[in-house]
Amino acid sequence: MRFDIISVLPGLLESPFAHSILQRAQKKGLVEICVHNLRDYAFNKHKSVDDYPYGGGSGMVMAIEPFARCIESLKAERNYSDVIFMTPDGETLNQSIANSLSIAKNIIILCGHYKGIDQRIRDIFVTREISIGDYVLSGGELPAAVLVDAVVRLIPGVLSDETSALSDSFQGELLDAPVYTRPADWNGHKVPDILLSGNQAAIDNWRYEQALERTRIRRPDLLD
Ligand code: ADE
């Protein structure tokens, strides 16, 4: 799978992909993550990528030309199943969106800034608009990193124990059961006896009951 992320601040996207699971997935060749500096496609020698909004108002608007040039040069190389724009007014990211994207081959992600991007970019190029939640961030880079992380960990072979992604909260209908590690007794705070019992069927049943209870209390909407 390949992600092409178009950003005016590519430096913001270096660290999230340079560690841990995302780094290993790239080293194993399971995913390619390419970050493109929008300024390389700027419309003038000052490397401008934005301009004043038609009709007045505060803030700058990201112009169509740099995005169009970058997207078209990528599309000349390969086919893309989606061009995603990260935006707080998009559909809210959830596990089922992450699952559906994890089977794609090539995806372009656009990161906006300032007041927004020229609506024609959205109308002409964007196939999907995704939000990571009902709050506004300074730009689309952190949301893009969140989206890529959520998707890449679902690609077969990325997690060493594939079942661990399958048992994540939200992957089924239930949140995760609580987990514990040594010591079994920390200052009188004990690990539930059942987890030390060695009875796997009883442990599985306890985990299911805990997951159900946690979901009932924290996210009853998931049980509807
Ligand atoms: N850009 C700014 N805020 C965002 C959000 N919440 N989700 C996606 N993209 C964004």
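Keep in mind the model is a prediction, meaning the values are calculated, not measured.

Caption draft 1: Focus on the overall build of the chain. A tally of regular secondary structure across the chain gives 7 helices and 10 strands. In terms of overall dimensions, the chain has C-alpha extents of about 70 × 40 × 35 Å along its principal axes. For the chain, with 224 residues in total, the buried portion stands at 40%. Counting only contacts in the chain whose residues sit at least 6 apart along the sequence, the fraction spanning at least 24 positions is 75%. Accessible area of the chain: about 13,000 Å², with a carbon and sulfur share of 51%. Computed over 23 positive and 30 negative side-chain charges, the separation of the two mean positions in the chain equals 5 Å.

Caption draft 2: How the structure looks around the pattern of salt bridges. Applying the stated rule across the entire model yields 10 salt bridges. Close ionic contact of glutamate 129 with arginine 122 constitutes a salt bridge, the shortest N to O distance being 2.7 Å. Assessed through its relative accessible area of 24%, glutamate 129 is described here as partly exposed. You can call arginine 122 buried: its relative accessible area is 15%. Measuring nitrogen to oxygen at the nearest pair gives 2.7 Å for the salt bridge that ties glutamate 213 to arginine 216. Of this pair, glutamate 213 and arginine 216 both sit in helix H7 (residues 200-218), separated by 3 residues, roughly a single helical turn. Where salt bridges share partners, they join Arg2, Asp4, Glu32 and Arg78 into one cluster.

Caption draft 3: Molecular detail of the site of the ligand. If you check the shell around the ligand, you find Met86, Thr87, Pro88, Ile130, Ser131, Ile132, Gly133, Tyr135, Val136, Leu137, Gly139 and Pro143 and nothing else. Here a nitrogen atom of the ligand and a backbone polar atom of threonine 87 are 3.1 Å apart. At 3.0 Å, a backbone N or O of leucine 137 approaches a nitrogen atom of the ligand. In isolation the ligand exposes 260 Å². Once the protein is present, 96% of that is buried. Of all the elements in the fold, those that place two or more residues in the shell around the ligand are strand E5 (82-92) and strand E8 (128-131). Considering every element that reaches the shell around the ligand, the biggest residue donor is E5, with 3 residues. Looking at the shell around the ligand residue by residue, the class counts come to 8 nonpolar, 4 polar and no charged.

Caption draft 4: Spatial organisation of the domain arrangement of the chain. Taken domain by domain, the chain holds domain 1 (2-152) and domain 2 (167-223). The centre of domain 1, based on its C-alpha atoms, is set 37 Å off from the matching centre of domain 2.

Caption draft 5: Fine view of the sheet that holds E5. What the 5 strands build is an open sheet, ordered E2-E1-E6-E5-E8; its pairing is parallel. Each edge of the open sheet is held by one strand with a lone partner, namely strand E2 (32-37) and E8. Direction aside, the axes of adjacent strands within the sheet are offset by 30 degrees on average. In terms of strand pairing, E5 meets strand E6 (residues 106-111) through 5 bridges, oriented parallel. In the strand pairing of E6, isoleucine 84 is matched with isoleucine 109. Strands strand E1 (2-7), E2, E5 and E6 of the sheet are contacted by helix H2 (residues 64-75), whose axis makes an angle of about 165 degrees with E1.

The rules behind each value
- Residues numbered from 1 in each chain as written.
- Predicted model: local features only at pLDDT ≥ 70, side-chain atom pairs only at ≥ 80, totals over all residues.
- Heavy atoms only, no water.
- Helix = DSSP H or I, 4+ residues; strand = E, 2+ residues; numbered from the N terminus.
- Buried < 20%, exposed > 50% of the residue type's maximum accessible area, 1.4 Å probe, protein only.
- Contact = heavy atoms within 4.5 Å.
- Areas by Shrake-Rupley, 256 points an atom, 1.4 Å probe, with all protein chains shown as cover.
- Lys, Arg positive; Asp, Glu negative; His and termini not counted.
- Charge placed at Lys NZ, Arg CZ, Asp CG, Glu CD.
- Salt bridge = Lys/Arg side-chain N within 4 Å of Asp/Glu carboxyl O.
- Near = heavy atom within 4 Å.
- Polar contact = N/O pair within 3.5 Å; in protein donor to acceptor, adjacent residues only side chain to side chain.
- Nonpolar A, V, L, I, M, F, W, Y, C, P; charged D, E, K, R; others polar.
- Domains from an automatic or database assignment.
- Pairing = 2+ DSSP bridges.
- Axes fitted to C-alpha atoms, helices over the stretch in contact; angles between N-to-C directions.

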